[in-house]
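Structural description and commentary
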Amino acid sequence: MAVAGQQSRASHSFTLPDLDYDYGELEPAISGEIMKLHHTKHHQTYITNFVKALEQLEQAEKDGNAEAIVKLQGAINFNGGGHVNHSIFWKNLAPSKSGGGEPPEGKLASAIKDEFGSLEKLIAKMNADGAALQGSGWVWLGLNKDLKQLAVQTTANQDPLASKGLVPLLGIDVWEHAYYLQAWTDYKNVKPDYLKNIWKVINWSDVSSRYEANL
Amino acid sequence: MSKKTLEVHWGKHQRGYIENLNRQIANTPFEGYLLEDIVKISYNRGSPQPAFNNAAQAWNHDFFFTSLKPGGGKSPTGEIAELIDKQLGSYDNFVKEFKLAAASQFGAGWAWLALKEAKLVVEKTPNAINPLIWDHIPLLVLDVWEHAYYLDFQNNRPDYVSTFLEHLVNWDIVNARLDRAKAFMNWGEPDWDLFDKDADILTYEEAGIDVVEDSS
């Protein structure tokens, strides 16, 4: 039974979050050009397509079209995952004047020491795993809530870390779009250099908050 | 496709795959193998060995660069054109399918026109995978990893795909690949009606062919 004036449940719920800093403020680690494209084009496209897929899902549900419902899962996971992951990513970053790059303190710092030996070792592991990732994906510091243990894990494409049973604390985008415009100019070794330099703008206080909120 | 893109794509990415592969296979049984064989063997039925990624990417990129030509693109002529019309409906239909495959490959990958058991198929593969592992015969490929189009098109993959189809496709090499594929395909029974039943059958002598008598 059609209800006049009924609004699609998806249409107003997902919008591009604002950044807490200007596009150029993460330089030289990440260029302003990349930040602007990454935010206004890539992330926005994920949201646009996510909303579209959700609208199609709603229609398929109304039509009782099981095949269409299943078929839409790919687009929903991919675009929804892209939205979730990038929303975390923007918060994980901060310009140095706002604390970006300052090492973690408190509970997270001890947990890192316990699990990995030192912050340097954690960074080395994330860089190695990120560099070794083939194709597109993310490298994460995550929390296993049951074991209360930190773990480094990679995900492919836009699979969210939740798909590996971990709570995302810190995610580094290693899709080529995350660094490609700086490639071959600022970064001679592309991905490894990007990974090496991104630590200068990691917002550890955001990572800490996520950690403590999930203990 | 800008000069800068090719300099980086061919000069850095492809060079990297090849150099890394050479390092990987040095002093191993793979040394001396044909690249295509390394790809198929190292795929290992879905549990790829370490060499697979570099080997497959090296193969894919070589196939890609040779699939391009300046002033190429638009609808083909020759046998591929006939086959497209016969098996994919029309060139426009091929374009539609190819654009869809290229756009819907989430993340990194490749869009292909290939032969699957003597039938044309448009397909897509993720990351380094290619249709060789399914025993298909690739005819044309488009790289849809972001590095292939990012400098020229940023996130606008659809425009990159259109540009490829309209200006860069090397249909000559597709026809050549199709020709070569015939040696590997079972095309079924020939159409006997095409044979000229009234043609004279010549003796070797009449045809001017020297036959050496067997002396035994």
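Residues numbered from 1 in each chain as written. Chains lettered and ligands numbered in written order. Predicted model: local features only at pLDDT ≥ 70, side-chain atom pairs only at ≥ 80, totals over all residues. Heavy atoms only, no water.

Going by the annotation in an unreviewed UniProt entry, the name recorded for chain B is Superoxide dismutase, with Selaginella moellendorffii given as the source organism. Per UniProt, chain B carries the Sequence similarities (unreviewed entry) text "Belongs to the iron/manganese superoxide dismutase family." (UniProt positions renumbered as here; feature names shortened; annotations may be inferred.)

Under the annotation held in an unreviewed UniProt entry, chain A carries the name Superoxide dismutase and is attributed to Selaginella moellendorffii. Word for word, the UniProt comment on chain A under Sequence similarities (unreviewed entry) is "Belongs to the iron/manganese superoxide dismutase family." Entered under Catalytic activity (unreviewed entry) in the UniProt record, the comment concerning chain A runs "2 superoxide + 2 H(+) = H2O2 + O2".

1. Remarks on the pairing of strand E2 (residues 119–126) of chain B
Residue and element names in this part refer to chain B. Here strand E1 (residues 109–116) pairs with E2 via eight bridges, running antiparallel. Note on E2: the bridge partner recorded for tryptophan 110 is threonine 125. Between E1 and E2, which follow one another and run antiparallel, lie two residues, and glutamate 117 among them has a positive phi close to 50 degrees. (Pairing = 2+ DSSP bridges. Helix = DSSP H or I, 4+ residues; strand = E, 2+ residues; numbered from the N terminus.)

2. Side note on the pattern of salt bridges
Residues and elements named next belong to chain B. Applying the stated criterion to the full structure yields nine salt bridges over all chains. Lysine 3 is the partner of glutamate 7 in a salt bridge, and the nearest nitrogen-oxygen pair spans 3.8 Å. One end of the pair is glutamate 7 and the other is lysine 3, both in helix H1 (residues 3–25) and four residues apart, which spans about a single turn. Residue glutamate 7 is classed as partly exposed on the basis of its relative accessible area of 42%. Its salt-bridge partner being lysine 182, residue glutamate 79 comes within 2.9 Å of it at the nearest N-O pair. Here glutamate 79 is found in helix H4 (residues 79–88), whereas its partner lysine 182 is found in the loop between helix H8 (171–181) and helix H9 (204–207), with 103 residues between them in sequence. One network of salt bridges, with partners in common, ties together Glu79, Asp179 and Lys182. (Salt bridge = Lys/Arg side-chain N within 4 Å of Asp/Glu carboxyl O. Buried < 20%, exposed > 50% of the residue type's maximum accessible area, 1.4 Å probe, protein only.)

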